[in-house]
Each structure stands twice: as structure tokens, then as C-alpha cells.
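# Structural overview
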Amino acid sequence: CLALWLGWFEAVAVAPLTMADWYPTLMGGDFRSILDKIEACANRVTTAEAASTNSRKLLVVGHSAGGWLARTWLGSRPYSGGKVYSG
């Protein structure tokens, strides 16, 4: 990854989503389980970076529905069930 090679970031992580994570949404369910996985992945990366560099940088990249969900995670409004994500 170019960002790692240039030294811009310490690590790259991908939220561990599977096809099965999307199935409930196809039947009208919400996206909380996916947002929770994005949150957990981001927390792991920023916690590890803060421990090694004393800062918390995070670059979020999403494509298509993943980009829409990343924006939802980054927002400050409560999502279904009232949870506000820390993005």
C-alpha cells in the first residue's frame, strides 16, 4: 500500500465483513451489525496507533454501499436504536 510505503500510516486494516453480513439488510433490516464491525475495526487501529505514536489518525475508504455506511459511521446523528458511532 502506497500510504504505508510513504510512511503516512502505521497499518492498514479492513473491517471483516462477509456476504452474510449484508443478508439482513436485503430483507429490510438495519445496518447496525455492519456499523459495529466498522467501529470495532477502527477502534483496534486507532488504539494501536495511539499506543505507538501518541496520536490517532484514521483514513476511512469505502466504495458504493460501503462508502455510504462509512459516512453514516462518521456522522454525529444517532442511528437505528439511538446509537451514535464514534467516527
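Please refer to the structure placed before this passage.
Residues numbered from 1 in each chain as written. Predicted model: local features only at pLDDT ≥ 70, side-chain atom pairs only at ≥ 80, totals over all residues. Heavy atoms only, no water.

## Some points on unusual backbone geometry
- Phi is positive for S64, which is not a glycine, with a value near 60°.
- Within the secondary structure layout, S64 lies in the loop between α3 (32-53) and α4 (65-74).
- Assessed through its relative accessible area of 58%, S64 is described here as exposed. (Helix = DSSP H or I, 4+ residues; strand = E, 2+ residues; numbered from the N terminus. Buried < 20%, exposed > 50% of the residue type's maximum accessible area, 1.4 Å probe, protein only.)

## Some points on the pattern of salt bridges
- Summed over all chains, the structure comprises three salt bridges.
- Note that K37 is salt-bridged to D21, the shortest N-O span being 3.0 Å. Placement of the pair is K37 in helix α3 and D21 in helix α2 (residues 19-26), with a sequence separation of 16 residues.
- For K37, a relative accessible area of 28% puts it in the partly exposed group.
- A salt bridge links K83 to D36; the shortest N-O distance between them is 3.3 Å. Of this pair, K83 sits in the segment after α4 while D36 sits in helix α3, placing them 47 residues apart in sequence. (Salt bridge = Lys/Arg side-chain N within 4 Å of Asp/Glu carboxyl O.)

## Things to note about the packing of aromatic side chains
- Enumeration according to the criterion identifies two aromatic pairs in this entry.
- Ring geometry for W22 and F31: centres 6.4 Å apart, planes at 75°, overall edge-to-face.
- Take W22: its relative accessible area is 24%, and that puts it in the partly exposed class.
- A relative accessible area of 17% means that F31 is categorised as buried.
- Aromatic pair F31 and W68: ring centres 5.1 Å apart, planes at 70°, arrangement edge-to-face. Of this pair, F31 sits in the loop between α2 and α3 while W68 sits in helix α4, placing them 37 residues apart in sequence.
- Look at W68 and you get partly exposed, because its relative accessible area is 38%.
- Ring pairing ties together the aromatic residues W22, F31 and W68, which thus form one cluster. (Phe/Tyr/Trp six-rings, centres within 6.5 Å; stacked < 30°, edge-to-face > 60°.)

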